[in-house]
Amino acid sequence: MTIGFLGDLYPWTKALHIIAVVAWMAGLLYLPRLFVYHCAAPGGSETSETFKIMERRLLRGIMNPAMIATWLFGISLLLTPGVVDWSAGWIWVKLAMVAGLTVQHHLLTRWLEAFRADSNTRSAGFYRAMNEVPTVALVVIVVMVVAFPKGVVGMWEALQARYRQRTGKGAALNRASHVEGAE
Ligand code: HEM
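All of the points below concern the structure found in this document. (Residues numbered from 1 in each chain as written. Predicted model: local features only at pLDDT ≥ 70, side-chain atom pairs only at ≥ 80, totals over all residues.)

Points about the overall build of the chain
Then step 1. Helix and strand counts for the chain come out as five helices and zero strands.
Then step 2. The order of α-helices and β-strands along the chain, N terminus first, is α-α-α-α-α.
Then step 3. Here the chain holds 183 residues, and 16% of them are scored as buried.
Then step 4. Counting contacts in the chain only where the partners sit at least 6 residues apart, residues at least 24 apart contribute 79% of the total. (Helix = DSSP H or I, 4+ residues; strand = E, 2+ residues; numbered from the N terminus. Buried ≥ 20, exposed ≤ 12 C-beta atoms within 10 Å, placed from the backbone. Contact = placed C-beta atoms within 7 Å.)

Set out below in structure tokens:
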């Protein structure tokens, strides 16, 4: 299902999607970092109270609105005519990664509540590890969205063309006839 008028808005929807993504990712990467430092501050101390304010402002002021905007503009892009080929694998991998980031967002909210109640039991090492989750998801998503549809399929087609040129053979490399654009 697509919505016709979204076609005219496509460059704007994509620009706003990317802006929202950057803000959301900044929070997903920074909040676990704050938790790492917060672990070293004794409960009830002035430092701990300062971290609580920083964490709450980051979550409420930036991350929550940015996550909602990322989803809204992302779904608008899905509904834009001609943008997504649902038979291509990249969009499914991307959506799985985004679902993972959304779960991470909700877990961070829960951990923030524990810090707020001075009842955190997790270690700095745990939050350091959690910091790596959005990094990995970010790399996979950007490769899936930017390089995979054009780059990987395009590279395969160029390889085929070179092989045909060199050998004069028709489509010997063309076992992947399911690849879009392959003859
Ligand atoms: C929240 C759910 C999301 C949905 C439904 C969604 C969907 C989409 C769609 C349909 C496009 C257009 C692709 C095209 O124009 O060919 C797009 C573009 C893009 N998305 Fe998302 N996205 C989501 C979240 C994210 C996240 C979390 C990231 C990064 C971590 C991201 C990064 C990008 C980038 C960089 C582009 C531009 C790619 C280009 O230049 O074509 N998206 N998104």
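On we go.
So, the environment of Pro81
Then step 1. Relative to the assigned elements, Pro81 resides in the loop between helix H2 (46-78) and helix H3 (89-116).
Then step 2. For Pro81 and Asp8, which are 73 residues apart along the polypeptide, the C-alpha to C-alpha distance reads 9.8 Å.
Then step 3. Dropping the residues within four chain positions of it, Pro81 is found in contact with Thr2, Gly4 and Gly7.

Some points on the site of the ligand
Then step 1. The ligand sits among 20 residues. The nearest are Val21, Gly74, Leu77, Val98 and Ile141.
Then step 2. Within the residue set of the shell around the ligand, elements represented by two or more residues are helix H1 (6-39), H2, H3 and helix H5 (132-167).
Then step 3. Element by element, the count of residues in the shell around the ligand is highest for H2, at six residues.
Then step 4. In the shell around the ligand, the residues fall into 16 nonpolar, three polar and one charged. (Near = placed C-beta within 6 Å. Nonpolar A, V, L, I, M, F, W, Y, C, P; charged D, E, K, R; others polar.)

Here we look at H3
Then step 1. An ideal rise of 1.5 Å per residue puts 40 Å on 28 residues; H3 measures up with 41 Å between its terminal C-alpha atoms.
Then step 2. The complete set of buried residues in H3 reads Lys94, Met97, Leu108, Trp111, Leu112 and Phe115.
Then step 3. Just downstream of H3 lies Asp118, where phi reads positive at about 55°. (Expected span 1.5 Å × (residues − 1).)

Examining the nonpolar core
Then step 1. Counting 16 residues, the largest nonpolar core has Ala20, Trp24, Leu31, Phe35, Met63, Ala66 and Trp111 as the members making the most contacts within it.
Then step 2. Taken together, the elements giving at least two residues each to this core come down to H1, H2, H3 and helix H4 (124-130).
Then step 3. Looking at which element gives the most residues to this core, the answer is H1, with six residues.
Then step 4. In this structure Phe35 touches Trp111, Phe115 and Tyr127, once residues within four positions along its chain are discounted. (Core = buried A, V, L, I, M, F, W, Y, C linked by C-beta atoms within 7 Å.)

Side note on the packing of H2 against H3
Each packed pair of helices is defined by two parameters, the angle between the axes and the distance between the axes.
Then step 1. Taken N-terminus to C-terminus, the directions of H2 and H3 make an angle of 160°; their axes are 11 Å apart at the nearest point. When the axes of H2 and H3 are compared, the pair comes out roughly antiparallel. Where H2 crosses over H3, the two elements pack in a sense that is left-handed. Here Lys52, Glu55, Leu59, Met63 and Met67 of H2 lie close against H3, whose contacting residues are His105, Thr109, Leu112, Phe115 and Arg116. (Axes fitted to C-alpha atoms, helices over the stretch in contact; angles between N-to-C directions. Parallel < 35°, antiparallel > 145°, perpendicular 65-115°, else oblique. Left-handed = near helix turned anticlockwise from the far one by under 90°.)

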